[in-house]
Amino acid sequence: MKETNHDKDCRKSTRLIKDSSASENKLAGHSHEKINSKENTKNELIGKILHRNNLNEAFKKVKSKKGTAGIDGITTEELLEYLKENKEKILGQIRARKYKPKPVKRVQIPKSNGKKRNLGIPTTTDRVIQQAIAQKLSPIYEKKFSENSYGFRPNRSAHDALKRIKEIAEEGNTWVVDLDLEKYFETVNQSKLIQILS
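Everything numeric in this text was worked out from a predicted model, so none of it was measured.

**Student:** With reference to specific residues and values, describe the overall build of the protein chain.
**Tutor:** The secondary structure content of the protein chain amounts to 8 helices and 4 strands. Classification of the 198 residues of the protein chain by burial places 17% in the buried group. Expressed as a percentage of contacts within the protein chain between residues at least 6 apart in sequence, the contacts between residues at least 24 apart total 54%. In the form shown here, the protein chain has an accessible surface area of approximately 16,300 Å², with 55% of it arising from carbon and sulfur atoms.

**Student:** Outline the side chain of Asp126, supporting the account with residue identities and numerical values.
**Tutor:** Note on placement: Asp126 falls in helix H5 (residues 124-142). We note that Asp126 is buried and unpaired, the nearest opposite charge coming from Lys102 at a distance of 6.3 Å. Ignoring anything within four residues of it in the chain, the contact list for Asp126 reads Tyr99, Pro101 and Lys102.

**Student:** Which residues make up the nonpolar core, and what values do they have?
**Tutor:** If you look at soluble globular proteins, the nonpolar side chains tend to sit buried side by side. Grouped together as the largest cluster of nonpolar side chains are 15 residues, with contacts concentrated most on Leu79, Leu83 and Val128. Listed by contribution, the elements that provide at least two residues to this core are helix H3 (52-65), helix H4 (76-95) and H5. In terms of residue count, the dominant contributor to this core is H4 (5 residues). Discounting residues that sit within four places of it in the chain, Leu79 has contacts with Phe59, Val62, Ile74, Thr124, Thr125 and Val128.

**Student:** Give a description of the side chain of Gln135 that names residues and reports values.
**Tutor:** With respect to the helices and strands, the residue Gln135 is situated in helix H5. On the basis of relative accessible area, Gln135 is assigned to the buried category, the value being 14%. When residues no more than four places from it in sequence are discounted, the contact partners of Gln135 are Asn54, Glu57, Ala58 and Lys61.

**Student:** Could you give an account of a nonpolar patch on the surface, naming the residues involved and the relevant values?
**Tutor:** Together, Leu181, Tyr184 and Phe185 make up a nonpolar patch on the protein surface, roughly 360 Å² of accessible area in all. For Phe185, the position within the fold is in helix H7 (residues 184-187).

**Student:** I'd love a proper account of the packing of aromatic side chains, names of residues and values included.
**Tutor:** Counted by the stated rule, this structure contains 0 aromatic pairs. Sitting over the ring of Tyr150, Arg156 keeps its end group 4.7 Å from the ring centre.

**Student:** Describe in detail the environment of Asn173, supporting the description with residues and values.
**Tutor:** Among the secondary structure elements, Asn173 is positioned in the loop between helix H6 (158-170) and H7. Separated by 3.1 Å, the side chain of Asn173 and the backbone oxygen of Ile168 make a polar contact.

**Student:** Go over the packing of H3 against H5 with me, naming the residues and quoting the values.
**Tutor:** H5 packs onto H3 with a crossing angle of 125° between their chain directions and a minimal axis gap of 8 Å. Considering their axes alone, H3 and H5 lie oblique with respect to each other. Here H3 and H5 pass one another in a crossing that is right-handed. Residues Asn54, Leu55, Glu57, Ala58, Phe59, Lys61, Val62 and Lys65 of H3 pack against Thr124, Arg127, Val128, Gln131, Ala132, Gln135 and Lys136 of H5. Broken down by class, the residue content of the contact of H3 with H5 amounts to 6 nonpolar, 4 polar and 5 charged.

**Student:** Tell me about helix H8 (residues 190-197), and please be specific about residues and values.
**Tutor:** Burial analysis of H8 places just 0 of its 8 residues in the buried class, a small minority of the element. Among the residues of H8, the N-terminal cap falls to Asn189, whose side-chain oxygen and the backbone nitrogen of Ser191 are separated by 3.1 Å.

**Student:** Tell me what's going on with H5, and back it up with residues and numbers.
**Tutor:** Helix length check: H5, at 19 residues, gives a terminal C-alpha distance of 25 Å against a target of 27 Å (1.5 Å per residue), a fit within 8%. Of all the bends in H5, the largest measures some 35° and sits at Lys136, one to four residues before the proline Pro139. Listed in full, the buried residues belonging to H5 are Thr124, Thr125, Asp126, Arg127, Val128, Ile129, Gln131, Ala132 and Gln135.

**Student:** Outline a negative patch on the surface, listing residues and values.
**Tutor:** Together, Asp178, Asp180, Glu182 and Glu186 make up a negatively charged patch on the protein surface. Here Glu186 shows up in helix H7. Among the residues examined, Glu186 registers a relative accessible area of 54% and is labelled exposed.

Rules used in this analysis
Residues numbered from 1 in each chain as written. Predicted model: local features only at pLDDT ≥ 70, side-chain atom pairs only at ≥ 80, totals over all residues. Heavy atoms only, no water. Helix = DSSP H or I, 4+ residues; strand = E, 2+ residues; numbered from the N terminus. Buried < 20%, exposed > 50% of the residue type's maximum accessible area, 1.4 Å probe, protein only. Contact = heavy atoms within 4.5 Å. Areas by Shrake-Rupley, 256 points an atom, 1.4 Å probe, with all protein chains shown as cover. Lys, Arg positive; Asp, Glu negative; His and termini not counted. Salt bridge = Lys/Arg side-chain N within 4 Å of Asp/Glu carboxyl O. Core = buried A, V, L, I, M, F, W, Y, C linked by side-chain atoms within 4.5 Å. Patch = residues over 30% accessible without salt bridge, like charges linked within 9 Å, V, L, I, M, F, W, Y side chains within 5 Å. Phe/Tyr/Trp six-rings, centres within 6.5 Å; stacked < 30°, edge-to-face > 60°. Lys NZ or Arg CZ within 6 Å of the ring centre and 35° of its normal. Polar contact = N/O pair within 3.5 Å; in protein donor to acceptor, adjacent residues only side chain to side chain. Axes fitted to C-alpha atoms, helices over the stretch in contact; angles between N-to-C directions. Parallel < 35°, antiparallel > 145°, perpendicular 65-115°, else oblique. Left-handed = near helix turned anticlockwise from the far one by under 90°. Nonpolar A, V, L, I, M, F, W, Y, C, P; charged D, E, K, R; others polar. Expected span 1.5 Å × (residues − 1). Bend = angle between axes of the 7 residues up to and from the residue. Charge placed at Lys NZ, Arg CZ, Asp CG, Glu CD.

Everything listed here is a matter of geometry and, on its own, says nothing about what the molecule does.
Structure (structure tokens):
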């Protein structure tokens, strides 16, 4: 194959960046080492998420919760067969960062005040993938949460929150502030959230 001028120019510019001691191999404010380290960490994390044992554990949790099928109609009973047939394709897409979760099935469930709450039901496949991710990310982020946070936390419940409130009240505190960010996940800036988490 004949080398073009474009190939030579690309090699020269690559060498200039690599050999420039003045810039300390900096690219957009980050060193090559830092970029490579971050990329290695991402690859290691994806490897842990996609490890057979982690995926099996995620599947078992999703299956045990049963739940309704998503928009693709695949139930938890049909899920194992579907995953066996499509495993390599799904894992390949995730590794290549090309996997796209299916849209969630929208349903409304009644609230005690007469209003309705929107609920999104992911496909059973997406629930397995989400569970596999959560199993590896939760230990990383769990230690960053406030000690006074009880919602959607492992090994914590509303009963634990009430017990803590009682302890605080017995210490002489008399004010209670109740906050609820209505429709938070519908309105939060997703790009900013991902930037903060990465």
